[in-house]
Amino acid sequence: AQSVTQLDSHVSVSEGTPVLLRCNYSSSYSPSLFWYVQHPNKGLQLLLKYTSAATLVKGINGFEAEFKKSETSFHLTKPSAHMSDAAEYFCVVIASGGSYIPTFGRGTSLIVHP
Amino acid sequence: SAVISQKPSRDICQRGTSLTIQCQVDSQVTMMFWYRQQPGQSLTLIATANQGSEATYESGFVIDKFPISRPNLTFSTLTVSNMSPEDSSIYLCSVVHSMNTEAFFGQGTRLTVV
């Protein structure tokens, strides 16, 4: 079985300040982890992925995430928020060797204030 | 990678009618899934589309309401039957490559039932 917990339903930051979106997972198998972004009325866009290579993963638009097995976490960060980062963010886990079903977290809405 | 073509991108339908959504992938994939995203919500798995056999439905979803076909490894359809306004959602097709456990998503079908 696998599950994803996004710890915050909303995160509010000021433009130019750091962003932290938290994600914890559980998986019976080695997990692959992803962050997707969804802008209003748009489709899902892959930000970054972890698939058992380097634990620090760099994605698009300055985002990065670190896989911490001991903490079962995969938090998403960005040093400096931009207004265009305002969107819904989803953490997703796929268990290798399991059902391969992508399991979504509930989503975190990132609000960026000018 | 995989490129997914999902049709239609959006539709407005009368209650009591049915809509069939198509998902075409540009490569052969083993795992194919259908999701629903209700307004303001995360993605919920409807079913796993199995090639040449009946789909595997998640709790709360039934074949009579959401019949799924998958005649080959690159194509699947989801039908939303006897629609009501509560079926207004985005429906997404997803595929997973077991070799690298990466998930790909269609752009979604935005369905409005009036």
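The residue numbering used here restarts from 1 in each chain and proceeds along that chain's sequence as written. Lettering of chains starts at A and numbering of ligands starts at 1, both following the order in which they are written. In view of the model being predicted, local features appear only for residues whose pLDDT reaches at least 70, and side-chain atom pairs are presented and counted only at 80 or more, with totals across whole chains, interfaces and linings using the full set of residues. Only hydrogens and water are set aside; all other atoms, that is, all heavy atoms of the structure, feed into the side-chain values.

A. Highlighting the interface of chain B and chain A. Only heavy atoms enter the contact rule, under which two residues are in contact if any of them lie within 4.5 Å. Of the residues lining the interface, 20 residues belong to chain B; the matching set on chain A comes to 20 residues. Accessible surface is computed with a 1.4 Å probe, and the buried area is the amount of it that two parts give up when combined, taken over both parts together. Carbon and sulfur atoms make up 59% of the surface buried where chain B meets chain A, a total of about 1,600 Å² over both sides. Counted as salt bridges are all cases of a side-chain nitrogen of Lys or Arg within 4 Å of a carboxyl oxygen of Asp or Glu. At the boundary of chain B with chain A, the tally comes to one salt bridge. Each polar contact in these results corresponds to two N or O atoms within 3.5 Å; when the atoms are within protein, one needs to be able to donate a hydrogen and the other to accept it, and residues that are neighboring in sequence are counted only if both atoms are side-chain atoms. On inspection of chain B and its partner chain A, the count reaches six residue pairs in polar contact (both at pLDDT 80 or more). Runs of E in the DSSP output that reach at least two residues are strands. Runs of H or I that reach at least four are helices, and both are numbered from the N terminus. Only β4 (31-37), β5 (43-49), β9 (89-97) and β10 (102-105) of chain B provide two or more residues apiece to the side of chain B that touches chain A. Here the side of chain B that touches chain A takes four residues from β4(B), the largest share from any one element. As a working rule, the residues Ala, Val, Leu, Ile, Met, Phe, Trp, Tyr, Cys and Pro are called nonpolar, Asp, Glu, Lys and Arg charged, and the rest polar, with Gly in that last group. Taken together, the residues of the side of chain B that touches chain A break down into nine nonpolar, nine polar and two charged.

B. Layout of the pairing of β4(B). Residues and elements named next belong to chain B. With respect to burial, β4 is a largely interior element, seven of its seven residues being buried. The sheet contact formed by β4 and β9 spans seven bridges and is antiparallel. Among the inter-strand pairings, Phe 33 is bridged to a residue of β9, identified as Ser 94. One bridge is not enough; two strands pair if DSSP finds at least two bridges between them. The pairing of β4 with β5 spans six bridges and is classified as antiparallel. Residue pairing in the sheet places Trp 34 in a bridge with Ala 47 of β5. The rule is simple: take the accessible area with a 1.4 Å probe, protein chains only, and divide by the maximum for that residue type; under 20% is buried, over 50% is exposed, in between is partly exposed.

C. Representation of the environment of A:Phe74 within the structure. All names here are of chain A. Within the secondary structure, Phe 74 is located in strand β9 (residues 73-78). When the C-alpha atoms of Phe 74 and Cys 23 are compared, they prove to be 5.3 Å apart, with 51 residues separating the residues in sequence. Here Phe 74 is in contact with Cys 23, Leu 33, Phe 34, Trp 35, Leu 48, Tyr 50, Ala 65, Glu 66 and Phe 67, once residues within four sequence places are set aside.

D. Fine view of the side chain of A:Gln38. Position of A:Gln38 among the secondary structure elements: in strand β5 (residues 31-38). For A:Gln38, the side chain forms a polar contact with the side chain of B:Gln37, separated by 2.9 Å. Not counting the four nearest positions on each side in its chain, A:Gln38 is found in contact with A:Gly43, A:Leu44, A:Ala87, A:Glu88, A:Phe90 and B:Gln37.

E. Seen up close, the sheet that holds strand β8 (residues 75-80) of chain B. All names here are of chain B. The strand order β1-β3-β8-β7 describes an open sheet built from four strands, whose pairing is antiparallel. At either end of the open sheet lies a strand with only one pairing partner, and these are β1 (4-7) and β7 (68-72). Looking at each pair of strands side by side, their axes are set apart by 15° on average, direction ignored. Of the pairings in the sheet, the one linking β7 to β8 comprises three bridges and is antiparallel in character. Convention adopted: a line fitted to C-alpha atoms gives each axis, helices being fitted over their contacting stretch, and angles between N-to-C directions are expressed from 0 to 180 degrees.

F. Seen up close, the environment of B:Phe33. Relative to the elements of secondary structure, B:Phe33 occurs in strand β4. With 80 residues separating them along the chain, B:Phe33 and B:Val113 place their C-alpha atoms 23 Å apart. In this structure B:Phe33 touches A:Ser99, A:Tyr100, A:Ile101, A:Pro102, B:Leu45, B:Ala47, B:Thr48, B:Leu92, B:Cys93, B:Ser94 and B:Val96, once residues within four positions along its chain are discounted.

G. Spotlight on the packing of aromatic side chains. Ring pairs shown here join Phe, Tyr and Trp side chains whose ring centres sit within 6.5 Å, with only the six-membered ring taken for Trp; geometry is labelled stacked below 30 degrees between planes, edge-to-face above 60, and tilted in between. If you walk through the whole model with that rule in mind, you get 12 aromatic pairs over all chains. Ring centres of A:Tyr36 and B:Phe105 lie 5.2 Å apart, and the angle between their planes is 85°; on these two criteria the pair is classed as edge-to-face. Linking A:Tyr36 in strand β5 with B:Phe105 in strand β10, this pair reaches from one chain into another. In terms of burial, A:Tyr36 and B:Phe105 fall into one category: buried. Summarising the aromatic geometry, the rings of A:Phe63 and A:Tyr89 are spaced 5.6 Å apart at their centres and angled 45° between planes, so their arrangement reads as tilted. Here A:Phe63, found in the loop between β7 (56-58) and β8 (64-68), pairs with A:Tyr89, found in strand β10 (residues 87-95); they are 26 residues apart in sequence, far enough to count as distant. With respect to class, A:Phe63 is no different from A:Tyr89; both count as buried. These aromatic residues form a ring-pair network of at least three members: A:Phe34, A:Tyr36, A:Phe90, A:Phe104, B:Tyr35 and B:Phe105.

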